[in-house]
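# Observations on chain architecture
Here are the chains, one letter per residue:
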2 protein chains.
Amino acid sequence: MRPKIYLFGDSITEESFGDGGWGASLAHHFSRTVDVVLRGYSGYNTRWALKVIEKVLPAADHGGAAPLAVTVFFGANDACLPDRCSAFQHVPLDEYKPNLHSIVSFLKNRWPTTRILLITPPPIDEEGRLRHPYVENPSNQPERTNEAAGAYARACVAVAGESGISVIDLWTKMQQFPDWEKSFLRDGLHLTPSGNRIVFEEVVRKLMEEGVSLETLPVDLPLISEIDPSDPLKSFQQ
Amino acid sequence: MRPKIYLFGDSITEESFGDGGWGASLAHHFSRTVDVVLRGYSGYNTRWALKVIEKVLPAADHGGAAPLAVTVFFGANDACLPDRCSAFQHVPLDEYKPNLHSIVSFLKNRWPTTRILLITPPPIDEEGRLRHPYVENPSNQPERTNEAAGAYARACVAVAGESGISVIDLWTKMQQFPDWEKSFLRDGLHLTPSGNRIVFEEVVRKLMEEGVSLETLPVDLPLISEIDPSDPLKSFQQ
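None of the values given here were measured: they were computed from a predicted structure.

## A closer look at the overall build of chain A
The helix and strand inventory of chain A stands at nine helices and five strands. Listing each helix as α and each strand as β along chain A from the N terminus yields β-α-α-β-α-β-α-β-α-α-β-α-α-α. Expressed along its principal axes, the backbone C-alpha trace of chain A runs to roughly 70 × 35 × 30 Å. Put simply, chain A shows about 9500 Å² of open surface, and 53% of that area lies on carbon and sulfur atoms. Across chain A, 23 positive and 31 negative side-chain charges occur, with their mean positions spaced 3 Å apart.

Shown next as structure tokens:
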């Protein structure tokens, strides 16, 4: 059986198999080596994630074998401001951090050998959020701010440090590029194809640092380039 | 556990999670309902597929539960001409047809409730094949012709009829559009994003005819639209 990489997160994970999506790009990259399994839940925060993680990542799945890796990508909804139009998704920072720790502990207990890769929420383009509201927003104030997202991103990075696991600081990374607001964010929060590309490249890089790469993974069945044209069936004996 | 749809085929399946690919589009379409599992093997024909099918689709996978559906998309390599540069991939028409029947029988025996969906090889743009050779081709004759692909497509349609299962006649379907040679085929054989779109739409349509659709499939965990903003945790009790 092929090893698996689970993508566990919110809408930025759920829609990652759309055009140019980072999840689809990962599945394409690992097309003969790994099954990339989509477990994205739009709108979810870490509080809700903790309620469902046992169902989402059952021990018995995959014949009980540990997945190669799990990406954990929550925070964009936790960081909704508590006094704005998406307040019901808000999780206070001092709950977000222990929640993330609990998710990491759950994974470490269940699968001690599985690589856990945290991803911080992306930066927020507040102007984009006002132009593309998800719910009625009479206040005309963005329900997410870049400053708040940054605080959750720093907490996420801290959790990774305290747990000794990998993290992609997407909030910081994206803001190193000019025009990140429009090049990487479609609606101030969700990713454009270029934004997806950054996540894909960072995930591949982090996995490689953890020893998971095309160079090290066994290929499922002989590649066409390895099949002897003068006796193809030889490759399929035994 | 989520139900699965396996995509079993050659390079047109293996690369189906690339940009705009039909496999990624299916995974996106079914993002909260089905795991779309990629089992594409570049260059493979039905003869080789039969040698590996037991390994590719193990009974024990998925806890032994039957997948919802399997797409079977072979023929483009079988149809390589026997006297041209890719002859080692060629499988004669009078072997291709029983091979496909054997693949269908294997699936019916293993999983009697699983929908089996055959897909014929696409049409061939011979000019495109000459411009994008995969191997050295001193003869300057295309290794695949549209006429040969058509014969294999008709055999595939016949197998579906004889087995009482669904088929997408991609060879015929694509040629109903003007400029199919360049709009749908990147190199005379593999699909452009528009070509991928046709496969995606046809697979969704055929699955719907077989009762597999977003309307009938259970959604994995509550949708954000179903969560009560005044008491979100209610959705996660029990």
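## Things to note about the pairing of strand β3 (residues 69–73) of chain B
Residues and elements named next belong to chain B. Most of β3 is tucked away, with five of its five residues classed as buried. Taking every second residue as pointing to the same face, both faces of β3 are buried, with Ala-69, Thr-71 and Phe-73 on one and Val-70 and Val-72 on the other. Direction of pairing for strand β1 (residues 4–9) relative to β3: parallel, over a ladder of five bridges. By the bridge assignment for β3, Leu-7 is matched with Thr-71. Relative to strand β4 (residues 115–119), β3 runs parallel, the two sharing four bridges. By the bridge assignment, Val-72 is partnered in β4 with Leu-118. Between the parallel elements β3 and β4, the chain passes through helix α4 (residues 93–110) in a crossover that is right-handed.

## Observations regarding the interface of chain B and chain A
Contact residues are listed per partner, giving 42 residues for chain B and 42 residues for chain A. When chain B packs against chain A, the two sides together hide about 3600 Å² of surface, and 65% of this comes from carbon and sulfur. If you sort the residues of chain B by the area they bury against chain A, Phe88(B), Leu221(B) and Ile224(B) come out on top, with a joint share of 15%. Joining chain B to chain A, the criterion identifies four salt bridges. One salt bridge connects Arg39(B) with Asp35(A), and the closest N-O pair in it is separated by 2.8 Å. Applying the counting rule to chain B against chain A returns 12 residue pairs in polar contact (both at pLDDT 80 or more). Elements with a contribution of two residues or more to the side of chain B that touches chain A: α2 (22–29), β2 (35–40) and α3 (46–56) of chain B. Among the elements that line the side of chain B that touches chain A, the one with the most residues is α3(B), at six residues.

## Quick look at the pairing of strand β4 (residues 115–119) of chain A
All names here are of chain A. For β4, the tally of buried residues reaches four of five residues, placing the bulk of the element in the interior. In this structure, β4 lies alongside strand β5 (residues 166–168), joined through three bridges in parallel fashion. Looking at the pairing, Leu-117 lines up with Ser-166 of β5.

## Considerations on the relation of the copies chain B and chain A
Between the two copies, chain B and chain A, the superposition gives an RMSD of 0.0 Å; the rotation angle is 180° and the shift along the axis is 0.0 Å. The superposition of one copy onto the other is thereby described by a two-fold rotation axis.

## Let's talk about the sheet that holds strand β3 (residues 69–73) of chain A
Residue and element names in this part refer to chain A. Taken together, the five strands give an open sheet; going across it, the order is β2-β1-β3-β4-β5, and neighbouring strands pair in parallel fashion. Looking along the sheet, the strands with just one partner apiece sit at the ends: β2 (35–40) and β5. In this sheet, adjacent strand axes meet at a mean angle of 20° when their direction is disregarded. Most of the contacts of helix α9 (residues 193–209) go to β5, to which it runs at about 165°, and overall it touches β1 (4–9), β3, β4 and β5.

## Concerning the sheet that holds β3(B)
Residue and element names in this part refer to chain B. Overall, parallel pairing links the five strands, which are arranged β2-β1-β3-β4-β5 in an open sheet. Of all the strands in the sheet, the pair left with one neighbour each is β2 and β5 (166–168). For this sheet, the mean inter-axis angle between neighbouring strands, taken without regard to orientation, is 20°.

## Notes on α2(B)
Counting buried residues along α2(B), six of its eight residues qualify, which places the element largely inside the surrounding structure. Along α2(B), the residues classified as buried are Trp22(B), Gly23(B), Ala24(B), Ser25(B), Leu26(B) and Ala27(B).

## Section: the side chain of Ser16(B)
Residue and element names in this part refer to chain B. Mapping Ser-16 onto the fold places it in the loop between α1 (11–14) and α2. On the accessibility criterion, Ser-16 (0% relative accessible area) is buried. Among all residues touching Ser-16, those that are not within four sequence positions of it are Leu-7, Gly-21, Trp-22, Gly-23, Ala-24 and Leu-38.

## Considerations on the pattern of salt bridges
All names here are of chain A. Going through the model one piece at a time under the given rule, you end up with 36 salt bridges over all chains. Of the charged contacts, one joins Arg-47 and Glu-95 as a salt bridge, the two residues approaching to 2.8 Å between their closest N and O atoms. With Arg-47 in helix α3 (residues 46–56) and Glu-95 in helix α4 (residues 93–110), this residue pair connects regions lying 48 residues apart in the sequence. Assessed through its relative accessible area of 27%, Arg-47 is described here as partly exposed. The class for Glu-95 is partly exposed, based on a relative accessible area of 22%.

## Quick notes on unusual backbone geometry
All names here are of chain A. Within the chain, Asp-179 stands out as a residue other than glycine whose phi angle is a positive 55°. Along the chain, Asp-179 turns up in the loop between α7 (170–174) and α8 (180–183). Although it is not a glycine, Leu-221 adopts a positive phi angle of roughly 70°. Within the secondary structure, Leu-221 is located in the segment after α9.

Thresholds applied
Residues numbered from 1 in each chain as written. Chains lettered and ligands numbered in written order. Predicted model: local features only at pLDDT ≥ 70, side-chain atom pairs only at ≥ 80, totals over all residues. Heavy atoms only, no water. Helix = DSSP H or I, 4+ residues; strand = E, 2+ residues; numbered from the N terminus. Areas by Shrake-Rupley, 256 points an atom, 1.4 Å probe, with all protein chains shown as cover. Lys, Arg positive; Asp, Glu negative; His and termini not counted. Charge placed at Lys NZ, Arg CZ, Asp CG, Glu CD. Buried < 20%, exposed > 50% of the residue type's maximum accessible area, 1.4 Å probe, protein only. Pairing = 2+ DSSP bridges. Right-handed = clockwise from strand over helix to strand, strands pointing away. Contact = heavy atoms within 4.5 Å. Buried area = accessible area lost by both parts, 1.4 Å probe. Salt bridge = Lys/Arg side-chain N within 4 Å of Asp/Glu carboxyl O. Polar contact = N/O pair within 3.5 Å; in protein donor to acceptor, adjacent residues only side chain to side chain. Least-squares fit on C-alpha atoms with pLDDT ≥ 70 in both. Axes fitted to C-alpha atoms, helices over the stretch in contact; angles between N-to-C directions.

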